[in-house]
Amino acid sequence: MKFSRILGVAAALAAASVVAQEAATVTPAPETEAAPVATLEADNTPATWGDAAAGATKAAACAACHGVDGNASDPQYPKLAGQHEQYIARQLAQFKNGGRNNAIMLGFAATLSAQDMRDIGAHFAAQKVLPGVADDTVIAEGPNAGRKFYEVGQKLWRAGDATRGIPACQACHGPTGTGVPGAYPALGGQHAQYTAAQLTAFRGGQVWGQGDQANAVMSGVAAQLTDEEIQALATFAAGLHNVADAPGADAVAEAEAAAAAAAEAAAAEAAPAEGEATEVAPQG
């Protein structure tokens, strides 16, 4: 009697288990058709030569700091006018991938494709840089006393200093600062303040690029420069320009004539009019 009762309980449990398993069975619903997927342009999509016209539109946001024509009015921002297309594109790519650390430029470069960068570079490369004026202030003291600031920079630019392992700047950036497309940037006409800031950062060990793309050349070149030499080089580079871009003889003559006329007008205005009484200070 007891044995049959145990079998009955076991049979009831087995039946309950079967019912539970059947209740847990789920019939999958038919899958709907997958949504179409749009293929996005990859970041490493090879770019072709830039389109300056397209770049003019894409560079609209750049104008606030770098100027509409690439001649920044604020010397803390670099002039981009006349800079090489490939160089600008490479710097934008480094801002995007973290090779150059600048939060502001990262925000602008983050959404740019490789082709956008080339187009923007082409736009600014087509502009003409406006040269600055080199500082001809005479240095009062120190090893360069009696020399003008730009003269100190000129010597380093032309010949470097072999005793300290400083190469001539013109070896890479050219006699007039035009650089070499695809390799070295143009520096002629660049704001002295910006150039000095970059040289100072290079001297402190700044390196642009990461991994295989890292470029430590400038940190080695600037390591031996003094503050005075950095300022001198920066102001010399600011005044560099191509002879072809210099004003012609007619333009110079017009400017001189205008200056002389303005001086005469100012002198005439300062002189008392004919017949006008003048006050004479009492004597004694």
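Our structure is the block above this text.
Below is a summary of the structure that appears in this document. (Residues numbered from 1 in each chain as written. Predicted model: local features only at pLDDT ≥ 70, side-chain atom pairs only at ≥ 80, totals over all residues. Heavy atoms only, no water.)

What follows deals with the overall build of the protein. Tallying secondary structure elements over the protein gives 12 helices and zero strands in all. When the helices and strands of the protein are read in sequence order from the N terminus, they spell out α-α-α-α-α-α-α-α-α-α-α-α. In the protein, of all internal contacts separated by at least 6 residues, the share reaching a separation of at least 24 is 65%. (Helix = DSSP H or I, 4+ residues; strand = E, 2+ residues; numbered from the N terminus. Contact = heavy atoms within 4.5 Å.)

Moving on: the state of the cysteines. The bond known as a disulfide is covalent and runs between the sulfur atoms of two cysteines. According to the stated counting rule, one finds zero disulfides in the structure shown. Between Cys62, a cysteine without a disulfide, and Cys65, which holds the nearest cysteine sulfur, the sulfur-to-sulfur distance is 8.9 Å. (Disulfide = S-S within 2.5 Å.)

This part is about the layout of surface pockets. For the second largest pocket, the calculated volume is near 390 Å³. What lines the second largest pocket is a set of 18 residues, among which Ala89, Arg90, Ala93, Asn97 and Met117 lie closest to the centre. For the lining of the second largest pocket, the secondary-structure elements that each account for two or more residues are helix 4 (85-97) and helix 6 (114-125). Per element, the largest residue contribution to the lining of the second largest pocket is seven residues, and it comes from helix 4. A class-by-class count of the residues in the lining of the second largest pocket yields six nonpolar, eight polar and four charged. (1 Å grid on protein atoms, 1.4 Å probe; cavity = no way out; pocket = protein on both sides within 12 Å on 5 of 7 lines; lining within 4 Å. Points joined across faces, edges and corners; volume = space filled by probe spheres on them. Nonpolar A, V, L, I, M, F, W, Y, C, P; charged D, E, K, R; others polar.)

In total, this model carries two aromatic pairs according to the counting rule given. Geometry around Trp208 places Arg100 over its ring, the cationic atom sitting 3.5 Å from the centre. The cationic tip of Arg118 hangs over the ring face of Trp49; the distance from NZ or CZ to the ring centre is 4.9 Å. (Phe/Tyr/Trp six-rings, centres within 6.5 Å; stacked < 30°, edge-to-face > 60°. Lys NZ or Arg CZ within 6 Å of the ring centre and 35° of its normal.)

With 12 residues, helix 9 (residues 192-203) should cover 16 Å at 1.5 Å per step; its first-to-last C-alpha distance of 16 Å lies within 8% of that length. Every buried residue of helix 9 is accounted for by Tyr194, Thr195, Ala196, Gln198, Leu199 and Phe202. Residues of helix 9 that are buried sit in contact with helix 10 (217-222) and helix 11 (227-239). Looking at the residues trailing helix 9, positive phi occurs at Gly205, about 105 degrees. (Expected span 1.5 Å × (residues − 1). Buried < 20%, exposed > 50% of the residue type's maximum accessible area, 1.4 Å probe, protein only.)

This part covers the packing of helix 7 (residues 149-159) against helix 11. In the contact formed by helix 7 and helix 11, the axes pass within 7 Å of each other and the chain directions differ by 85 degrees. Taken together, the axes of helix 7 and helix 11 lie roughly perpendicular to each other. Residues Phe149, Tyr150, Val152, Gly153, Gln154, Leu156, Trp157 and Arg158 of helix 7 touch helix 11, and the partners they reach there are Glu228, Glu229, Gln231, Ala232, Leu233, Thr235, Phe236 and Ala237. Class assignment for the residues of the contact of helix 7 with helix 11 results in nine nonpolar, four polar and three charged. (Axes fitted to C-alpha atoms, helices over the stretch in contact; angles between N-to-C directions. Parallel < 35°, antiparallel > 145°, perpendicular 65-115°, else oblique.)

In this section: the nonpolar core. Nonpolar side chains in soluble globular proteins tend to be buried together. With 17 residues, the main nonpolar core has Trp157, Leu225, Ile230 and Leu233 as its most contacted residues. Taken together, the elements giving at least two residues each to this core come down to helix 7, helix 9 and helix 11. For this core, the element with the most residues is helix 11, which contributes five residues. Residue contacts for Ile230: discarding those within four places in its chain leaves Ala196, Leu199, Thr200, Arg203 and Leu225. (Core = buried A, V, L, I, M, F, W, Y, C linked by side-chain atoms within 4.5 Å.)

Let's shift gears to the pattern of salt bridges. When the charged atoms of two side chains lie near each other, side chains of opposite charge can form a pair. Applying the stated rule across the entire model yields six salt bridges. Notably, a salt bridge pairs Asp116 with Lys58, separated by 2.8 Å at the nearest N-O pair. Of this pair, Asp116 sits in helix 6 while Lys58 sits in helix 2 (residues 52-58), and the two are 58 residues apart along the sequence. Among the ionic pairs, Asp119 bridges to Lys58, the shortest N-O distance being 2.6 Å. You can see Asp119 sitting in helix 6 and its partner Lys58 sitting in helix 2, a full 61 residues away along the chain. Residue Asp119 is classed as buried on the basis of its relative accessible area, which comes to 4%. Counted as one network, the salt bridges with shared partners bring together Lys58, Asp116 and Asp119. (Salt bridge = Lys/Arg side-chain N within 4 Å of Asp/Glu carboxyl O.)

With that settled, the discussion passes to the environment of Ala89. Following the sequence through the fold, Ala89 ends up in helix 4. A C-alpha to C-alpha distance of 8.3 Å links Ala89 and Asp119, two positions 30 residues apart in sequence. With residues near it in sequence (within four places) discarded, Ala89 still touches Met117 and Arg118.

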